[in-house]
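Descriptive analysis of the structure
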Amino acid sequence: MPEFKSVRGMRDLLVEETKQLNFIIEKARETAKSYAYGEVTTPIVESNELLCAKTSDEIRNRMFTFKDLGDRTVSLRPEFTASIARLVSNVLKKSPRPIRVLSVGSVYRYDEPQRGRYREFWQSNFELIGSNKPEADAELILLTNNFLNKIGLKNHFFKVGHMGILKGVLNQEGIIEKTQTKILQLMDKKEYAKAFDLIDDNSRSVLESLVKITGKNVFDTIEKIKNQLDGYEKAKNAADNLKNILELVAESDSQLKSIDPVFSRGLEYYTGLIFEVQIPEFDISLGGGGRYDQLIELFGGLSTPAVGVAHGIDRLNIALQIQGIHADDQNIKKVFVIPVTTDLRIRALEISEKLRNSGIFVEFEVMGRKVGKALQYANKINMDYVVLVGESELKTGSVALRDLAKHEQITIKIENLAKKIRE
Ligand code: HAM
């Protein structure tokens, strides 16, 4: 047999990394609770047709797609939004609005593997469905900020834009949707010259002026954008909508760093606000989202406005490492229990269970090692305490408790053991 390795682009997440990811996921779930999002679980495998609709060529061309045994063309989900839109278009058609849902899990994209870019990665995905009000858009930014504060990240900031600005101009200039998609993709990659080649002089001059806009703050930038949009009413309304959303966020501690009128996030379903979040030390998007008011209708549902965000759990983990922040389990005491002789295993297991039931982390000596060797191991794996279950102490209902950091050992009654460890 050959020596097997994980498939290129796929990772084995070992204990520490899984612990960090779970810490972030737990915080996403806490955030969901405090914003009233209920968690749903959808399949990892979906119809390829569903996943291809209104996504982007970049995602379409990078899906893990195969025929199942029933000859259906299916793919591993590259994101959650299509699955949730599918749910809302049928199963949840009649649910009272708004619908707020969280999904957590792995998603798959055949990206070129590099730091922060994997073929299997984890997202926490929040969708708020049924409202077209700026309060709904603002909620997704506030929720993202709250979540990142909860995991302990510092100095994160938002880059914000609005699809209605560019689309408003391009629609008014009569540019067909397919060409619009191409232009938006090129502009998002800052390939302006190539994008401008696809349009006439009139629209070109507006887009050129939008590209050049910079501002002191986000509201100043919005005013400058509006000044360039005379005669383009829909695009102007989009800029006003962005202003209304950001006014609702401005009083929070969410840092709104920049507005980019030609930013488009590369996903075709966005119709309104779009945003991404980053930290200064790591030039990559840690999460991103936006409004998509036409996707649910496209899937055969009622016309339903929606807005959402997905956070890249793996990238957040890297961001925490860069900032020197670790999953906080410092307060959980770790105890190693050693039966001094084999015939005391049952009593030692009994004591271990008692400690576990009172919330203490217990590792039991299962290798049958002698006390000396077992102690060496307990030190090596950074246990806080060792409980030695020996014949002579048991006669008085006691065990020996060794504090590994202080190098102290006491004899203690079993009924007082948990309390002492927790101190
Ligand atoms: P997205 O921007 O494609 O949006 O992905 C969201 C986040 O997933 C990114 O900001 C990034 O942190 C992470 N991510 C993307 N690709 C990779 C990768 N190859 N390796 C590691 N992490 C990655 C969406 O997925 C939309 N569904 C968000 C949304 C929800 N919009 C509305 N509702």
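Structural data are supplied above this passage.
Residues numbered from 1 in each chain as written. Predicted model: local features only at pLDDT ≥ 70, side-chain atom pairs only at ≥ 80, totals over all residues. Heavy atoms only, no water.

So, the overall build of the protein chain
Inclusion rule: By definition, any uninterrupted DSSP run of H or I lasting at least four residues is a helix, any uninterrupted run of E lasting at least two residues is a strand, and each is numbered from the N terminus. Atoms counted for the radius of gyration: C-alpha only. Globule rule: 2.2 Å times residue count to the power 0.38. Residue contacts are counted whenever heavy atoms from the two residues lie within 4.5 Å of one another. In this count, Lys and Arg are taken as positive residues and Asp and Glu as negative ones, while His and the chain termini are left out. To locate a charge, the coordinates of NZ of Lys, CZ of Arg, CG of Asp or CD of Glu are taken.
Regarding its fold elements, the protein chain presents 17 helices and 16 strands. Compactness check: the protein chain gives a C-alpha radius of gyration of 28 Å against a globular reference of 22 Å for 423 residues, more than 25% above the reference. Seen along its three principal axes, the alpha-carbon backbone of the protein chain occupies a region of about 95 × 55 × 45 Å. Counted over contacts in the protein chain with a minimum sequence separation of 6, partners at least 24 positions apart contribute 67%. Of the charged side chains in the protein chain, 61 are positive and 59 negative, and the gap between their average positions amounts to 4 Å.

Some words on the sheet that holds strand E15 (residues 398-403)
Our working definition: Two strands are counted as paired when DSSP detects at least two bridges linking them. Here the axes come from fitting lines to C-alpha atoms, over the contacting stretch only for helices, and the angles between their N-to-C directions go from 0 to 180 degrees.
With mixed pairing, five strands are arranged side by side in an open sheet as E13-E12-E14-E15-E16. At either end of the open sheet lies a strand with only one pairing partner, and these are strand E13 (361-364) and strand E16 (408-413). Adjacent strand axes in the sheet meet at a mean angle of 25° when their direction is disregarded. Summarising the sheet, strand E14 (residues 385-389) and E15 pair through four bridges and their orientation is antiparallel. Note on E15: the bridge partner recorded for Val 386 is Arg 402. This element, helix H15 (residues 371-380), spans strand E12 (334-339), E13, E14 and E15 of the sheet and lies at about 170° to E12.

Description of H15
Note that an α-helix has 3.6 residues per turn; residues three or four places apart therefore point the same way. Counted only if it meets this: A 1.4 Å probe rolled over the protein chains alone gives each residue an accessible area, and that area as a share of the maximum for its type sets the label: buried under 20%, exposed over 50%, partly exposed in between. The arc in question is formed by the directions pointing from the helix axis toward the C-beta atoms.
All buried positions along H15 are accounted for by Ala 374, Leu 375 and Ala 378. Down the axis of H15, the buried side of the element spans an arc of 100°, and every buried residue falls inside it. Exposed residues pointing more than 90 degrees away from the buried face of H15 are listed as Lys 373, Gln 376 and Lys 380. Buried positions along H15 lie against E12, E14 and E15. Phi turns positive, to about 60°, at Asn 382, one or two residues after H15.

Quick word on the pairing of strand E5 (residues 99-108)
Of all 10 residues in E5, nine are buried; the element is thus mostly enclosed. In this structure, strand E1 (residues 38-39) lies alongside E5, joined through two bridges in parallel fashion. Along E5, the bridge assignment pairs Gly 38 with Val 101.

Let's talk about the site of the ligand
For clarity, the threshold we go by: We call a residue near a given molecule or strand whenever any one of its heavy atoms falls within 4 Å of it. Here a polar contact is recorded for every N or O atom pair within 3.5 Å, except that within protein the pair must consist of a potential hydrogen donor and a potential acceptor, and residues adjacent in sequence are included only if both atoms are side-chain atoms. Each accessible area value is a Shrake-Rupley result obtained with a 1.4 Å probe; residue values ignore everything except the protein chains displayed when judging cover. Asp, Glu, Lys and Arg are counted as charged, while Ala, Val, Leu, Ile, Met, Phe, Trp, Tyr, Cys and Pro are counted as nonpolar; the rest, among them Gly, fall into the polar class.
Surrounding the ligand, one finds 27 residues, the nearest of these being Glu 79, Thr 81, Asp 111, Tyr 270 and Ser 285. Separating an oxygen atom of the ligand from a backbone N or O atom of Gly 287 is a distance of 3.2 Å. When the ligand is considered free in solution it has 660 Å² of accessible area, and contact with the protein chains removes 96% of it. The leading source of residues in the shell around the ligand is strand E10 (residues 282-291), at six residues. Residues that form the shell around the ligand fall into these classes: nine nonpolar, 11 polar and seven charged.

Some thoughts on the environment of Thr 31
As for its position among the elements, Thr 31 is in helix H1 (residues 15-34). Separated by 383 residues in sequence, Thr 31 and Ile 414 place their C-alpha atoms 40 Å apart. Setting aside anything within four residues of it in sequence, one finds Thr 31 in contact with Phe 126, Leu 143, Asn 146, Phe 147 and Lys 150.

A closer look at the packing of helix H5 (residues 134-151) against helix H11 (residues 233-250)
Rules: Under this scheme an angle from 65 to 115 degrees is roughly perpendicular, one under 35 degrees roughly parallel, and one over 145 degrees roughly antiparallel; angles in between are oblique. We call a crossing left-handed when the near helix sits turned anticlockwise from the far one by less than a right angle, and right-handed when that turn is clockwise.
Contact geometry for H5 and H11: axes closest at 8 Å, N-to-C directions at 50°. Our classification of the angle between H5 and H11 gives oblique. In the packing of H5 onto H11, the handedness of the crossing is right-handed. Counted together, Pro 134, Glu 135, Asp 137, Ala 138, Ile 141 and Leu 142 of H5 and Asn 241, Asn 244, Ile 245, Leu 246, Leu 248 and Val 249 of H11 form the full contact between these two elements.

Things to note about the side chain of Thr 221
Topologically, Thr 221 is positioned in helix H10 (residues 218-227). Setting aside chain neighbours within four positions, we find Thr 221 in contact with Ile 213, Thr 214, Gly 215 and Ile 259.

Section: the pattern of salt bridges
Counted only if it meets this: Each reported salt bridge corresponds to a side-chain nitrogen of Lys or Arg within 4 Å of a carboxyl oxygen of Asp or Glu.
By the definition in use, this model includes 28 salt bridges. Of the charged contacts in the structure, one is a salt bridge between Glu 423 and Lys 420, with a shortest N-O distance of 3.8 Å. Assessed through its relative accessible area of 32%, Lys 420 is described here as partly exposed. One network of salt bridges, in which partners are shared, links Arg 8, Glu 112 and Arg 119.

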